[in-house]
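Each chain, letter by letter, is given below.
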Amino acid sequence: MRLSLVLLAPLLLSGCFLETATYSIDPNTDHAITVRVEKDTFWAKEGTLRVIMSRLPECQRQLELGSVWLSGLQVELFGNGNNIYTLRADDQAWQIDTTGCTERQAPDADAVTGLPLGIFALGDDDKLTFEKPEASTGE
């Protein structure tokens, strides 16, 4: 019985994942925003979304943002100036300040403003990537 449980464990965990992707604010320093998505069970359709702010050596902090739908997950990142950033996924928004690695009061998801910096996207292969916006063609 115990051997069969040991052999079944990898099958139960095979659909689980922990994925991260990073936006480097300043490539010459340790100033970055990392998004982390965690799925605990293979049958789960939702996962836990976290953000890790790093501005070393001053601060580094992880915040749990909440539960998100995994299918087609896209977390948009906006720069609001003065080390303030907004993340948006579907109808949820969060705002962070990397000066002191703190969470701020976020605007409503449909009222988010700022410079679009890119999108953290979870692909069909369950890999999280950060994609910068395409450059404007100037038309």
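Calculation criteria
Residues numbered from 1 in each chain as written. Predicted model: local features only at pLDDT ≥ 70, side-chain atom pairs only at ≥ 80, totals over all residues. Heavy atoms only, no water. Helix = DSSP H or I, 4+ residues; strand = E, 2+ residues; numbered from the N terminus. Buried < 20%, exposed > 50% of the residue type's maximum accessible area, 1.4 Å probe, protein only. Contact = heavy atoms within 4.5 Å. Salt bridge = Lys/Arg side-chain N within 4 Å of Asp/Glu carboxyl O. Polar contact = N/O pair within 3.5 Å; in protein donor to acceptor, adjacent residues only side chain to side chain. pLDDT = per-residue confidence, 0-100.

**Here we look at the overall build of the chain**
Each helix and strand in the chain was counted, giving one helix and 10 strands. Secondary structure elements in the chain, listed N-terminal to C-terminal, are α-β-β-β-β-β-β-β-β-β-β. Across the 139 residues of the chain, 40% fall into the buried class. By sequence separation, contacts in the chain at least 24 residues apart represent 42% of the contacts at least 6 residues apart.

**Brief notes about the pattern of salt bridges**
Oppositely charged side chains can pair when the atoms bearing their charge come close. Applying the stated criterion to the full structure yields seven salt bridges. Residue Glu 58 is joined to Arg 55 by a salt bridge in which the shortest nitrogen-to-oxygen separation is 3.6 Å. According to the relative accessible area criterion, Glu 58 is exposed, its value standing at 52%. Residue Arg 104 pairs with Asp 97 through a salt bridge whose shortest N-O separation is 4.0 Å. Exposure remark for Arg 104: the relative accessible area of 38% places this residue in the partly exposed category. A single network of salt bridges, built from pairs that share partners, joins Arg 36, Glu 38, Arg 50 and Glu 64.

**Brief notes about unusual backbone geometry**
Of the consecutive residues Leu 56 and Pro 57, the connecting peptide bond is found in the cis state with omega at 10 degrees. Mapped onto the fold, Pro 57 is located in the loop between strand E3 (46-55) and strand E4 (59-69). For Asn 82, which is not glycine, the phi torsion reads 55 degrees and is therefore positive. Summarising the element assignment, Asn 82 is placed in the loop between strand E5 (74-79) and strand E6 (84-89). A positive phi angle is found at Asp 126, which is not glycine, with a value near 60 degrees. With respect to the secondary-structure elements, Asp 126 resides in the loop between strand E9 (115-122) and strand E10 (128-131).

**Details of the side chain of Glu 19**
Note on placement: Glu 19 falls in strand E1 (residues 17-26). A distance of 3.2 Å separates a polar atom in the side chain of Glu 19 from the backbone nitrogen of Leu 128. Beyond its immediate sequence surroundings of up to four residues, Glu 19 is in contact with Val 35, Arg 36, Val 37, Asp 126, Lys 127 and Leu 128.

**Brief notes about the confidence of the model for the chain**
Mean pLDDT over the chain works out to 88, with 86% of the residues at or above the 70 mark. By mean pLDDT, the top-scoring element of the chain is E5 (98), and the lowest-scoring one is helix H1 (residues 2-13) (50). Segment residues 7-13: pLDDT under 50, and two contacts once partners within four positions in sequence are set aside and those in other chains are kept.

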